[in-house]
Amino acid sequence: FIKWAKAQGIPVGPGRGSGAGSLVAWSLLITDLDPLRFDLLFERFLNPERVSMPDFDVDFCQERRGEVIRYVRDKYGADTVAMIITFGTLQAKAVVRDVGRVMQMSYGQVDRLAKLIPFNPANPPKLADAIADEPKFQEETERDPRVGELLETALSLEGLYRNAGTHAAGVVIADRPLTELVPLFYDPRADLPASQFNMKWAEAAGLVKFDFLGLKTLTVIERALGFIRRQGQDVGPAWTSLDDPATYELMASGETLGIFQLEGQGMRDTLRRVKPGNLEDVIAIISLYRPGPMDNIPVFCAGKDDPATITYQHPDLKPILEATYGVPVYQEQVMRMAQELAGYSLGEADLLRRAMGKKKQEEMDKQRARFVEGCAARENSISAPLANEIFDTMAKFAGYGFNKSHAAAYALIGYQTGYLKRHFPVEFLAASMSLDLHNTDKLAAFFMEARRLEIPVIAPDVNVSTADFDVQDGSIVYALGALKGVGLEAMKHLVAERGDRGAFADLHDLADRIDPRQMNKKAFEQLAKAGAFSSLERIRSRALAAAPMLAAVAASAAEDRAGGQGGLFGDAEPAVRAALPDAPPWNQQEQLDEEFKAVGFYLSGHPLDDVLQTIDPSRLTLASEISDTAEDRKVLEMIGVVRNRVEKPARSGGKFAFLTLSDPSGEVEIMIMPELLPDVRERLEKSMAVSVSVEVRKRDEEIRLSLTRAVPIDEARLRTQGKVLRVRLGIGADTAALAAVLKAMGSAPGAERGEVVLDVPTGDGRVAELRLPDRYPVGIKAVRAIKSAAGVETVTAEAA
């Protein structure tokens, strides 16, 4: 089925798990990584001593995985192929929500209770622990006795099976009708039945399990290659030779957002320290960057930088550990050590590895005796003390050693994504954004990365953009389908209509032509907020006010088409069109706020752009400057808008939080310690503009920021660059509203004062300068107050 998938152009991963160590699998094109080149062991996958069947996990393109499963069903017979059942349990959040619903408590109240339970998919908290760690549960119980009843009932139900589902990837293929082997469960909504035995018991019943996994990164790679081919380009020979220096330089820089397995902040810090120069280094980094092995990263780095520091407990270990600078990293290395030093077969060595991983003392004692005897019996015998010392080293690393075959296959995908980002960044970022179409956090990160790389991003426009992300003349074209509340299918319909009959002439033309079943009033509103109608109507507020009318026009035009009531002279007859409703233009802040609601982040500007241009920059550090200016224990002043705050339970009790702060240059992550969080929580809600102080913690290349102070930006004592505020007004600005703001400011006591100059467009392309006679406050609070007046485009500070 892998051969079939590749023949159909369905991207398949290079391998996964221990199967990548099989030379036969590589020869048959099941895997794509030469196991001899990277010293991968077949016996880690299959050997005579192994009692359980190995399984092949296969990564497919996320979007076409279903085609392969359907092929397998048709090839081997619908009665011999099934998915594997799973049983969902009532975990803490779910049980609170279910019990609250049955008790008919209000959704808002139950939702508030459920959100008090920390979200941790890797290790879901128990309800009892969540209640003990969060004092607000007690407050809610005292406020409403029914909350106590809900929690008591939920505690008694937690952990019970709630529903049946199907395993995300597991497929069993049998040599006879499955009903002869296992009972089946049939969900009428699914293509295949599922075994009534879960994964563990299906294998015990004798069934061979395959995992058909959907890997998003394979789809990203395929889409990026499609963009590249469309432009008549090719990836070049280094794509397959895996030896491109520029790709490894990119990895060593730590600028690895979007690169498979290498994009987390901690991993990026590790890449800067290790500075990988080949795929072996990348394989090692993927294996080392996990709890336990990461303690050995300094030793690994030291050996890489200075081979004189590398030591081996025995000379025969050099060929085995040389690639990882003397540090045992992989399970395969532990197996080879047993083979070379103590005469184990690789099958026996795999059993040794398993015993070390499980740490059963009785089995470990047997293996130790066998290892020491083997070391003594070899031609150049090894003394018992040294043999025991080497055995202890092996036992330590075997407990958390990584499967090199798996790491090597994933390092290959990491190389490919790194290669694309280095040589084809526009195509790579467009493809990455396409696969995260509805994840605004990821889209925001990719957008900031495009800005960092100076790649233009064309804003959403109904006459330019497509439904999905695209590439055009070295720019990324923002997807209409990525906007909130518009629907991908609706945007495909809009783009298809534009392709059939040409660009839209105006908003009425668009409304006349689209299907109202695809685009409703909400979609019109979101497109207006995002500025996607700007080529048809420059004033976004008017386009938004027109949304109900446009939806009605679309419905009326569709009715006429359905009833065959075109104009007397067909489409040529001009319709009588109502004028768009009047609406005051938005100021810059309002425009950005509305855009944020539709896009999910700031696309055309940033709320603090004007603040940044107004204040004295000498004491301020921007997000983009952190890596250049940060020194250990140094305190930095920053400004930003809160994009996200994630709270997590602290080991010592209470909660700590990670704060994502956005300024015009980028984003930073700041840690808030448990003792400070209760004091600053209310000032750090999403979308709030703040001034913060952070303390830098720097270790090698790793930088961590810890919050020490946070105040609303209006209250911050940030000095402006000059004593004159220049205010640029847009056409149709509400001068009465501005006058009211200035009057209120003028009466504010104690503020530093200066002159206000208005730049007023005259309508003929010129700008008139008006100097106001009175003196007004010129601090940050004043700047933000003036910006809030309708029609104000920019506010900047100048020297008098």
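Numbering of residues starts from 1 in every chain and runs along the sequence as written. Owing to the predicted nature of the model, reporting of local features is limited to residues with pLDDT of at least 70; listing and counting of side-chain atom pairs is limited to 80 or more, with chain, interface and lining totals taken over all residues. Heavy atoms from the whole structure form the basis of all side-chain values; hydrogens and water molecules are not counted.

Peer 1: Hey, could you run me through the packing of aromatic side chains in this one?
Peer 2: To describe a pair of aromatic rings, you give the distance between the ring centres and the angle between the ring planes. Under the pairing criterion, centres of Phe, Tyr and Trp rings, with the six-membered ring standing for Trp, must be within 6.5 Å; the plane angle then separates stacked pairs below 30 degrees from edge-to-face pairs above 60, leaving the rest tilted. Under the defined criterion, the tally for this structure stands at 20 aromatic pairs. Consider the rings of Phe524 and Phe533, whose centres lie 6.3 Å apart with planes at 35°: the pair is tilted. Taken individually, Phe524 and Phe533 each receive the classification buried, so the pair is uniform in this respect. Ring-pair connections join several aromatic residues into one group, and the members of that group are Phe1, Phe60, Phe210 and Phe212. By definition, being over a ring means that NZ of Lys or CZ of Arg is both within 6 Å of the ring centre and within 35 degrees of the ring normal. Geometry around Tyr344 places Arg370 over its ring, the cationic atom sitting 4.2 Å from the centre. Exposure categories follow from relative accessible area, calculated using a 1.4 Å probe and restricted to protein chains: below 20% of the type maximum is buried, above 50% is exposed, and the middle band is partly exposed.

Peer 1: What should I look at first to understand the nonpolar core in this one?
Peer 2: For soluble globular proteins, the rule of thumb is that nonpolar side chains tend to be buried together. Ranked by size, the top nonpolar core spans 109 residues in total, and within it Leu420, Tyr478, Leu510, Met519, Phe524, Leu527 and Phe533 carry the most contacts. Per element, the largest residue contribution to this core is nine residues, and it comes from helix α21 (residues 404-423). Note on terminology: a nonpolar core comprises buried Ala, Val, Leu, Ile, Met, Phe, Trp, Tyr and Cys residues joined through side-chain atoms within 4.5 Å. Judged by nonpolar contacts, the second largest core, of 26 residues, contains Met335, Ala338, Leu341 and Met364. Secondary structure elements follow DSSP: runs of H or I of four or more residues count as helices, runs of E of two or more count as strands, with numbering from the N terminus.

Peer 1: Any chance you could explain the side chain of Arg540 here in plain terms?
Peer 2: The residue Arg540 is located in helix α27 (residues 540-545) in this model. Within the structure, Arg540 has its side chain in polar contact with the side chain of Glu595 (distance 3.1 Å). Only heavy atoms matter for contacts: two residues are in contact if any of them lie within 4.5 Å across the pair. Once residues within four sequence positions are removed from consideration, Arg540 is found in contact with Ala528, Lys529, Ala530, Gly531, Ser534, Trp586, Gln591, Glu595 and Ser604. Whenever a nitrogen or oxygen atom comes within 3.5 Å of another N or O atom, the pair is scored as a polar contact, on the condition that within protein one atom can donate a hydrogen and the other can accept it, and that pairs from neighbouring residues in sequence are kept only if both atoms are in side chains.

Peer 1: Explain helix α22 (residues 425-435) to me, please; I cannot follow it from the model alone.
Peer 2: For an α-helix, 3.6 residues make a turn, and residues three or four places apart therefore share a direction. Counting buried residues in α22 gives 10 out of 11 residues, a clear majority hidden from the surface. Among all positions of α22, only Val426, Glu427, Phe428, Leu429, Ala430, Ala431, Ser432, Met433, Ser434 and Leu435 are buried. Elements that come into contact with the buried residues of α22 comprise α10 (216-230), α21, α23 (440-452), β8 (470-472) and β9 (475-477).

Peer 1: So what exactly am I meant to see when it comes to the sheet that holds strand β4 (residues 184-185) here?
Peer 2: The pairing of strands in a sheet comes from backbone hydrogen bonds and takes either a parallel or an antiparallel form. Reading across the sheet, the six strands line up as β1-β6-β3-β2-β5-β4 and stay open at both edges, with mixed pairing between neighbours. The open sheet has two edge strands, β1 (56-61) and β4, and neither has a second partner. Inspection of the sheet shows β1 paired to strand β6 (residues 208-215) by six bridges, in the parallel sense. Within β6, the residue paired with Cys61 across the bridge is Leu215. DSSP calls a pair of strands paired once it identifies at least 2 bridges connecting them.

Peer 1: I keep staring at the pairing of strand β3 (residues 161-173) and nothing clicks. Help me out?
Peer 2: Within a regular strand, the side chains alternate between the two sheet faces. Across eight bridges, the pairing between strand β2 (residues 81-89) and β3 is antiparallel. Each residue of the ladder has a partner; that of Met83, found in β3, is Val171. Taken together, the four bridges between β3 and β6 define a ladder with antiparallel strand orientation. Counterpart to Gly170 in the pairing with β6 is Asp211.

Peer 1: Could you clarify how one ought to interpret helix α20 (residues 384-398) in this entry?
Peer 2: Helix span, expected: 1.5 Å multiplied by one less than the number of residues in the helix. Given a rise of 1.5 Å per residue, 15 residues ought to cover 21 Å, and the 20 Å separating the end C-alpha atoms of α20 matches this to within 8%. Within α20, burial applies to Ala387, Ile390, Phe391, Thr393, Met394, Ala395, Phe397 and Ala398.

Peer 1: Sorry, what's going on with a nonpolar patch on the surface here?
Peer 2: On the surface, Leu23, Trp26 and Leu36 cluster together into a nonpolar patch covering about 290 Å² of accessible area. Relative to the helices and strands, Trp26 is located in helix α2 (residues 23-27). For patches, a residue must show more than 30% relative accessible area and have no salt bridge; joins then use 9 Å for like charges and 5 Å for nonpolar side chains, namely Val, Leu, Ile, Met, Phe, Trp and Tyr. For the area figures, the Shrake-Rupley method with a 1.4 Å probe applies, and any residue is considered shielded solely by the protein chains shown. Criterion for a salt bridge: a side-chain nitrogen of Lys or Arg within 4 Å of a carboxyl oxygen of Asp or Glu.

Peer 1: Explanation requested: unusual backbone geometry in the structure shown.
Peer 2: Peptide bonds are, in most cases, trans, and in most cases residues other than glycine have a negative phi. Of note in this structure, Leu29 is not a glycine but carries a positive phi near 65°. Mapped onto the fold, Leu29 is located in the loop between α2 and β1. Overall, Leu29 belongs to the exposed group, its relative accessible area being 55%. The backbone phi angle of Gln261 is positive, close to 70°, even though this residue is not glycine. Mapped onto the elements of the fold, Gln261 is located in the loop between α12 (245-253) and α13 (265-274).

Peer 1: Can you walk me through the pairing of strand β11 (residues 655-663) in this structure?
Peer 2: The element β11 is extensively covered by neighbouring structure, given that eight of its nine residues are classed as buried. Counting the residues in the hairpin turn of strand β10 (residues 635-649) and β11 gives five residues, including Gly653, whose phi is positive at 100°. When β11 meets strand β12 (residues 666-672), the two strands line up antiparallel, connected through seven bridges. Residue Asp663 lies in a different strand from β12, and its bridge partner there is Gly666. Where β11 hands over to β12, the hairpin turn is made up of two residues, counted between the paired strands.

Peer 1: Is there a simple way to think about the sheet that holds strand β7 (residues 457-458) in this case?
Peer 2: Across the sheet, which stays open at both edges, the three strands sit in the order β7-β9-β8 with mixed pairing between neighbours. Looking at which strands have only one partner, the edges of the open sheet turn out to be β7 and β8. The pairing of β8 with β9 spans three bridges and is classified as antiparallel. Across the sheet, residue Val471 finds its bridge partner in β9, namely Ile476.

Peer 1: Explain the environment of Glu637 to me, please; I cannot follow it from the model alone.
Peer 2: With respect to the helices and strands, Glu637 occurs in strand β10. Sequence separation between Glu637 and Leu271 is 366 residues; the distance between their C-alpha atoms is 28 Å. Those residues in contact with Glu637 that sit more than four places away from it in its chain are Arg619, Leu620, Thr621, Val692, Ser693 and Arg709. Here Ser693 takes part through its side chain, which lies 2.8 Å from a polar atom of the side chain of Glu637. A polar atom in the side chain of Glu637 sits 2.9 Å from the side chain of Arg709.

Peer 1: When you look at the pattern of salt bridges in this model, what are you seeing that I'm missing?
Peer 2: Once the charged atoms of two side chains with opposite charge are near each other, the side chains can pair. Tallied over the full model, the rule gives 59 salt bridges. Residues Asp144 and Arg146 are paired through a salt bridge, measuring 3.6 Å at the closest nitrogen-oxygen approach. For Arg223, the salt bridge goes to Asp468, with nearest N and O atoms at 3.4 Å. Of this pair, Arg223 sits in helix α10 while Asp468 is found in the loop between β7 and β8, placing the two residues 245 residues apart along the sequence.

Peer 1: Can you walk me through the side chain of Arg726 in this structure?
Peer 2: Take Arg726: it is sitting in strand β15 (residues 724-729). Only 2.9 Å separates the side chain of Arg726 from the side chain of Asp759, close enough to count as a polar contact. A polar contact of 3.1 Å, which involves the side chain of Arg726, links it to the side chain of Glu769. Apart from residues lying up to four places away in sequence, Arg726 is in contact with Val757, Asp759, Glu769, Arg771, Thr794, Val795, Thr796 and Glu798.

Peer 1: I tried to follow the packing of helix α26 (residues 521-530) against helix α29 (residues 588-599) on my own but got confused; where do I start?
Peer 2: Angle between the axes and distance between the axes are the two parameters that describe a pair of packed helices. Contact geometry for α26 and α29: axes closest at 7 Å, N-to-C directions at 130°. One element, α26, and the other, α29, form an angle in the oblique class. For the element pair α26 and α29, the recorded crossing hand is left-handed. Of α29, the residues touching α26 (which contributes Gln526, Lys529 and Ala530) are Glu594, Glu595, Lys597, Ala598 and Val599. A fitted line through C-alpha atoms serves as each axis, taken over the contacting stretch for helices, and the angle formed by two N-to-C directions is quoted from 0 to 180°. Our angle categories are set so that under 35 degrees counts as roughly parallel, over 145 as roughly antiparallel, 65 to 115 as roughly perpendicular, and the remainder as oblique. Each crossing gets its hand from how the near helix is turned against the far one by less than a right angle, where anticlockwise is left-handed and clockwise is right-handed.

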